[in-house]
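# Breakdown of the fold
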Amino acid sequence: MTDKISSIQIIGTQRSGSNLLRLILNQYDEISAPHPPHVLKTFASLLPYYNDLKVEENFNLLANDITDFVNANPVPWNVNQIQAKELIRRSRNQSLLGLYETLYVIKAEQDNAVIWCCKSMFNEYYAREIEDEGIRPFYIYLYRDGRDVAASFKRAIIGHKHIYHIASKWLKDQERALLVKEYVGDARFCMIKYEELISNPEKVLKSLSTKLRLPYSPKLLDYYESSESQRTASSGEMWKNVAKPIISDNTGKYRTELSDDEILMFENIAGKMVVKLGYPLNYTQESQKTYNDREVVKFDKLNAQWQEEARKNASEHDLVVRSKQEEVLFNIKKRFSITVA
């Protein structure tokens, strides 16, 4: 089954233009790149509750839960709903990764594609397990100035809101992505700088097409006219720009959206990685400092408070489109008597 279907895994940090890249990749006739339901991130921590997946009942339960979760995705997959019985029948291994792989293979077949693409950037933390399963993706590491990532997260319904937490996670994510590069080698890995993608998309996409061994076509840049783009944009405020042509000057917003103290804090935490990825610092390395436990506790409280406020201030539409998947996960945790926050 999977010998004829290759795969692509986008890694890095969210709010780095990954939906833009996903929609561009989805323009290739050969590629199916649906919006990610984050199957591995969601279910890896729940695996102990399913017990031994070699037991048919346990494996089938996991397959049914994953199916319900994917079919409730905020951005619908929009072909035929995934059927648990097909997932179970076709999975080559009775494992979470076996179900994950089969899920994307089925979607690719529905899309008449031969390559499936997963945009769940969290999967960089499961790269070894993915490789051990026999899945051999081509990894695209998409990176963006972390300070702009921070400014974007502060506006979004998802993610951390305090600069301390955003910077810490951004740093960890970039370190992990570069570890994946060391692990899999150059043949199945490429790096794309977000700022270069939006300023010179044709050059970047021609280079990527060569690496993917796919023909470049100008239609890649017509992604915003696709039904997938329109469906994504209508599913949440933070994705609204994907229904527009590339915004070539969408850089450096942190300079007006973050305070001087926030910029300094980000650089204190992740400045070396900012420089490593080719971005200039606003402050000298000598200004860097660490934060003590008391300060971090304060940051934790503020982060939680601001996350709650972001949720309260979200549009009714954003909350509704997310509620179906949240309800599925809530019921799974309730069944296992897992405390739900």
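Rules used in this analysis
Chains are numbered independently. Their residues run from 1 in the order of the written sequence. It should be noted that, the model being predicted, local features are given only for residues of pLDDT at least 70 and side-chain atom pairs only at 80 or more, the latter also being counted only at that level, while totals for whole chains, interfaces and linings use all residues. The basis for every side-chain value is the complete set of heavy atoms in the structure, and neither hydrogens nor water enter the calculation. Buried means the residue's accessible area, taken with a 1.4 Å probe over protein chains only, is under 20% of the maximum for its type, while exposed means over 50%, and partly exposed covers the values in between. Counting from the N terminus, the helices are DSSP H or I runs at least four residues long and the strands are E runs at least two residues long. At least two bridges found by DSSP between two strands are what make those strands a pair. Pairing of aromatic side chains requires ring centres within 6.5 Å, counting the rings of Phe and Tyr and the six-membered ring of Trp. Pairs whose planes differ by under 30 degrees are stacked, by over 60 edge-to-face, and all others tilted. Sitting over a ring, as applied to charges here, requires NZ of Lys or CZ of Arg to be within 6 Å of the ring centre and within 35 degrees of the ring normal.

## Some remarks on the pairing of strand β3 (residues 115-118)
- Side chains Ile-115 and Cys-117 project from β3 onto one buried face, and the interleaved Trp-116 and Cys-118 project onto a second face that is buried too.
- Across four bridges, strand β1 (residues 6-12) lies against β3 in parallel orientation. Within β3, the residue paired with Ser-6 across the bridge is Ile-115.
- When strand β2 (residues 31-32) meets β3, the two strands line up parallel, connected through two bridges. In the strand pairing of β3, Ile-31 is matched with Ile-115.

## Quick word on the packing of aromatic side chains
- The tally for this structure, following the rule as stated, stands at 15 aromatic pairs.
- Judged by centre distance (6.5 Å) and plane angle (80 degrees), the rings of Tyr-143 and Tyr-279 are edge-to-face. Here Tyr-279 lies in the loop between α14 (260-276) and α15 (293-313) and Tyr-143 lies in strand β4 (residues 138-143), a separation of 136 residues in the sequence. Neither Tyr-143 nor Tyr-279 differs from the other in exposure class; each is buried.
- Among the aromatic side chains, those forming a connected cluster through ring pairs are Trp-77, Tyr-100, Tyr-104 and Trp-116.
- The side chain of Lys-193 reaches across the aromatic face of Tyr-279, ending 4.6 Å from its centre.
- The ring of Phe-336 has Arg-335 lying over it, and the distance from NZ or CZ to the ring centre is 5.0 Å.

## Thoughts on unusual backbone geometry
- Residues other than glycine seldom take positive phi values, yet His-38 does so here, at roughly 60 degrees.
- With respect to the helices and strands, His-38 occurs in the loop between β2 and α2 (39-44).
- Positive phi values are uncommon outside glycine, yet Ser-337 reaches one of about 60 degrees.
- In this fold, Ser-337 is placed in the segment after α16 (316-335).
- Ser-337 gets classed as exposed once you look at its relative accessible area, which sits at 65%.

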